[in-house]
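Understanding the architecture of this molecule
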Amino acid sequence: MAELLAKTACEGLLPLQIAGLTLHEAKPVTMTTIAAYTGQAAALDKALKAAHGLGLPTVNGSSAASDARAIWFGRDMALLLGPEPDAGLEQYAALTDQSQGWAMMELAGDGATDVLARLCPVDLRLSQFAVGATVRTEARHMMASVTRVGEDAFMIMVFRSMARTLLHDLKTAMEAWAARG
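The paragraphs below set out a description of the structure included in this document. Please read all numbers here as calculations on a predicted model, not as lab measurements. (Residues numbered from 1 in each chain as written. Predicted model: local features only at pLDDT ≥ 70, side-chain atom pairs only at ≥ 80, totals over all residues. Heavy atoms only, no water.)

Turning our attention to the environment of Thr 58. Relative to the assigned elements, Thr 58 resides in the loop between α1 (41-52) and β4 (62-64). In sequence terms Thr 58 and Ala 70 are twelve residues apart; their C-alpha atoms lie 9.9 Å from each other. (Helix = DSSP H or I, 4+ residues; strand = E, 2+ residues; numbered from the N terminus.)

Next up, the structure:
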């Protein structure tokens with residue numbers, strides 16, 4: 001009988017360090033999409049605050065608490081990262097486990113914004129994209145979620161099946177950025 005082993009999307013591929021930039025796979029966490037039922041957004045926000053210490057994020061925003069982060073994930077949708085969602089949220093929203101469906105990487109270091117500028121058609125400079133800001137955008141030729149988690153640090157998420165492609169594109173952009181320095 002075959003023995004199945006659980007592996008993360010980037011197992012054995014990361015970390016990567018190039019010219020002061022680091023790319024590593026984010027620690028695996030529970031990921032749950034939260035889509036409020038019609039007319040329940042305010043009640044959901046209140047319940048989310050009570051259960052996890054953070055509210056629903058604004059459009060292109062995120063909110064964080066000690067062990068949880070909620071990021072805007074599209075129209076009327078948030079993604080809860082970290083804890084299992086409190087069961088009481090089910091009365092206000094549809095909850096869907098996404099934990100195995102996404103690859104999550106973190107790019108950090110002076111120049112991280114410039115590297116992502118090679119892949120994403122959005123202005124990710126700190127003056128326009130503050131810490132906590134998030135966007136659903138294109139990363140080269142695939143859809144991604146990009147969240148600024150520090151002044152020089154980004155969390156980048158793509159579908160799990162695109163993990164190697166994102167890694168290749170980020171490595172190429174990191175090398176190109178380093179070559180110009």
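All right, on to the packing of aromatic side chains then. Any two aromatic rings considered together are summarised by their centre-to-centre distance and by the angle between their planes. One pass over the full model with this rule turns up two aromatic pairs. Aromatic ring contacts, followed pair by pair, group Phe 73, Trp 102 and Phe 159 into a single cluster. (Phe/Tyr/Trp six-rings, centres within 6.5 Å; stacked < 30°, edge-to-face > 60°.)

Let us now look at the sheet that holds strand β10 (residues 142-150). As summarised here, the arrangement of the six strands in space is β1-β2-β8-β11-β10-β9, forming an open sheet in which the pairing is antiparallel. Every interior strand has two partners, whereas the edge strands, β1 (16-18) and β9 (134-139), have only one. Across the sheet, the axes of successive neighbouring strands diverge by a mean angle of 25°, strand direction being ignored. The pairing of β1 with strand β2 (residues 21-25) spans three bridges and is antiparallel. (Pairing = 2+ DSSP bridges. Axes fitted to C-alpha atoms, helices over the stretch in contact; angles between N-to-C directions.)

A separate point is the sheet that holds strand β6 (residues 77-82). With respect to topology, five strands assemble into an open sheet ordered β4-β5-β6-β3-β7, the strand pairing being antiparallel. Only two strands of the sheet have a single partner each, and these edge strands are β4 and β7 (93-97). Here the strands of the sheet are splayed against their neighbours by 25° on average, with no regard to which way each runs. Pairing of β4 with strand β5 (residues 69-74) involves three bridges; the strand directions are antiparallel. Its bridge partner being in β5, Ser 63 is matched across the sheet by Ala 70. Running over the sheet, α1 touches β3 (30-36), β6 and β7 and is turned about 150° from β3. (Contact = heavy atoms within 4.5 Å.)

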